[in-house]
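Each chain, letter by letter, is given below.
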Amino acid sequence: MTVTAAPTAGSVGTVETRYLDLPNPVALDCGGKLHPVRVAYETYGVLSPRRDNAILVCHALSGDAHAAGFSSKAAAQSTRDGFGAEDRDGEAGKGLGWWDGMIGPGKAFDTDRFFVISTNLLGGCRGTTGPSSPDPATGRPYGADFPVVTVADMVRTERALLDALGIERLAAVAGGSLGGMQAFEWAIMFPDQVDAVVAIASTHALHPQGVAWNAIAREAIMRDPAWQEGRYHGTSGAPDAGMSVARMIGHITYLSAAALHDKFGRRLQFADDIRYTITEPEFEIESYLRHQGDSFVRRFDANTYLYMSRALSYFDLAREHGRGSL
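Residues numbered from 1 in each chain as written. Predicted model: local features only at pLDDT ≥ 70, side-chain atom pairs only at ≥ 80, totals over all residues. Heavy atoms only, no water.

Participant: Please explain the overall build of the protein chain as it appears in this structure.
Facilitator: Scanning the protein chain from N- to C-terminus turns up nine helices and 12 strands. The C-alpha atoms of the protein chain give 20 Å as radius of gyration, which agrees with the globular expectation for 326 residues (20 Å, within 12%). Seen through its C-alpha atoms, the protein chain measures out along the principal axes to roughly 65 × 45 × 45 Å. Taking all 326 residues of the protein chain together, 47% fall into the buried category. (Helix = DSSP H or I, 4+ residues; strand = E, 2+ residues; numbered from the N terminus. Rg over C-alpha atoms; globule rule 2.2 N^0.38 Å. Buried < 20%, exposed > 50% of the residue type's maximum accessible area, 1.4 Å probe, protein only.)

Participant: For this particular structure, what's the right way to read the environment of Gly237?
Facilitator: Note that Gly237 resides in the loop between α4 (208-222) and α5 (240-253). For the pair Gly237 and Ala226, spaced 11 residues apart in the sequence, the C-alpha separation amounts to 5.8 Å.

Participant: I would appreciate a short explanation of the packing of aromatic side chains in the present structure.
Facilitator: Within a pair of aromatic rings, the relevant descriptors are the distance that separates the centres and the angle that separates the planes. This model, assessed by the stated rule, comprises nine aromatic pairs. Taking the centre distance of 5.4 Å and the plane angle of 40° together, the rings of Trp99 and Phe109 count as tilted. You can see Trp99 sitting in the loop between α1 (85-89) and β8 (103-104) and its partner Phe109 sitting in strand β9 (residues 109-110), a full 10 residues away along the chain. With a relative accessible area of 14%, Trp99 lands in the buried category. Note on Phe264 and Tyr288: the rings are 4.9 Å apart at their centroids and 45° apart in plane angle, and the pair reads as tilted. Taken together, the residues Phe264 in the loop between α6 (257-263) and α7 (284-296) and Tyr288 in helix α7 connect sequence positions 24 residues apart. (Phe/Tyr/Trp six-rings, centres within 6.5 Å; stacked < 30°, edge-to-face > 60°.)

Participant: So what exactly am I meant to see when it comes to the pattern of salt bridges here?
Facilitator: Any two side chains of opposite charge can pair, given that their charged atoms come close. For the structure on display, the rule yields 13 salt bridges. Among the ionic pairs, Asp100 bridges to Lys107, the shortest N-O distance being 3.6 Å. The buried category is assigned to Asp100, whose relative accessible area is 11%. Overall, Lys107 belongs to the partly exposed group, its relative accessible area being 22%. (Salt bridge = Lys/Arg side-chain N within 4 Å of Asp/Glu carboxyl O.)

Participant: What should I look at first to understand the side chain of Glu282 in this one?
Facilitator: With respect to the element layout, Glu282 can be found in the loop between α6 and α7. According to the relative accessible area criterion, Glu282 is buried, its value standing at 9%. At 3.2 Å, the side chain of Glu282 forms a polar contact with the backbone nitrogen of Tyr276. With sequence-adjacent residues up to four places away left out, Glu282 is seen in contact with Leu268, Gln269, Phe270, Ile274, Arg275, Tyr276 and Thr277. (Polar contact = N/O pair within 3.5 Å; in protein donor to acceptor, adjacent residues only side chain to side chain. Contact = heavy atoms within 4.5 Å.)

Participant: I tried to follow the environment of Pro25 on my own but got confused; where do I start?
Facilitator: Relative to the helices and strands, Pro25 resides in the loop between β2 (18-21) and β3 (26-27). Between the alpha carbons of Pro25 and Ala160 there is a distance of 9.5 Å; along the sequence they are 135 residues apart. Not counting chain neighbours up to four residues away, the residues in contact with Pro25 comprise Lys33, Leu34 and His35.

Participant: Would you take a moment to explain the sheet that holds strand β5 (residues 38-44) for this structure?
Facilitator: Read from one edge of the open sheet, six strands run β2-β5-β10-β6-β11-β12, paired in mixed fashion. Both outer strands of the open sheet, β2 and β12 (197-200), are each paired with one neighbouring strand and no more. Averaged over all pairs of adjacent strands, the angle between their axes in this sheet comes to 25°, without regard to strand direction. Strand direction decides the pairing type here: strand β11 (residues 172-176) and β12, joined by four bridges, are parallel. If you follow Gly175 over to β12, its bridge partner there is Ala199. Strand contacts of helix α2 (residues 151-165): β2, β5, β6 (54-58) and β10 (115-119), with the helix running at about 60° to β5, the strand carrying the most contacts. Its contacts with the sheet put helix α3 (residues 178-189) on β6, β11 and β12, and the angle it makes with β11 is roughly 150°. (Pairing = 2+ DSSP bridges. Axes fitted to C-alpha atoms, helices over the stretch in contact; angles between N-to-C directions.)

Participant: Can you walk me through the nonpolar core in this structure?
Facilitator: Soluble globular proteins tend to bury their nonpolar side chains together. Counting residues in hydrophobic clusters, the biggest one holds 39 residues, and the most contacted among them are Leu178, Ile221, Met243, Tyr305 and Met308. Ranked by residues supplied to this core, first place goes to helix α8 (residues 302-314) with seven residues. If sequence neighbours within four positions are ignored, Leu178 has contacts with His59, Ala60, Leu61, Leu121, Val151, Met154, Met308 and Leu312. In this structure, Tyr44, Ala67, Ile103 and Ala172 belong to the second largest nonpolar core, which totals 16 residues. (Core = buried A, V, L, I, M, F, W, Y, C linked by side-chain atoms within 4.5 Å.)

Shape descriptors only; they carry no functional weight alone.
Structure, rendered in structure tokens:
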């Protein structure tokens, strides 16, 4: 961690994302190997002399390596995009890590005690090798030629990073949603190397309805003519329309009906009565989803969304490790 500003109380201060090129290829569940692989990561706190206080935090689909503190580089859009994030964080939220409320001195992941590591996962678009990275065979972005990756592949990549950092054992692995799946996978793939798992809002396998929502989101991207079979990098367009719809679909699957009712109800956005319009949002929830979609496309790669969505759907601990039974 590079601290470039005096930290405020409870903050790890200003941090810079670092990058490490793995020395060996990463074996993939699809049968191939990927090389080279670069991993973006950040660390907070101090590794103990015995190297036994390391905690790995794993992000959800839309996250990145910047989990805590203020980024040394100004962000165009914040990863902290939940309910009330803009009201709570203001413009400062664009530089804050996605789990800043949890990581720092005196916080849940206390950096006075623990050495916390956060990475951008394999297949990502925020510094770790993914579909938008250059294919060494062509020099152009992989696009849809990037190999399909799984949660287990992500964990193997994280294990390789820790090997390069000289960390053999973890005090804990923690994460939410897709991050929680990684935590579960760590516990099964490397049970003797993990003391504790903190899996939040996660599951051993998506229910069929979750698989269905993910399928619709992917279709929204792939049916956008600007997707161009995944080869839109370097062209005049990108599948922003489909990506925005995919994010809207994904966003409502992260929220309960009760939460949506409490936050928005049926309140109108711009007038005291309906305006009889098809193209413009009438209700607050419609305006909120449109805003989420429009801001998401400015910070995320559509192909990465496809790959992460597929990894979420493939994840099934019973199928992978239990011959169909947990």
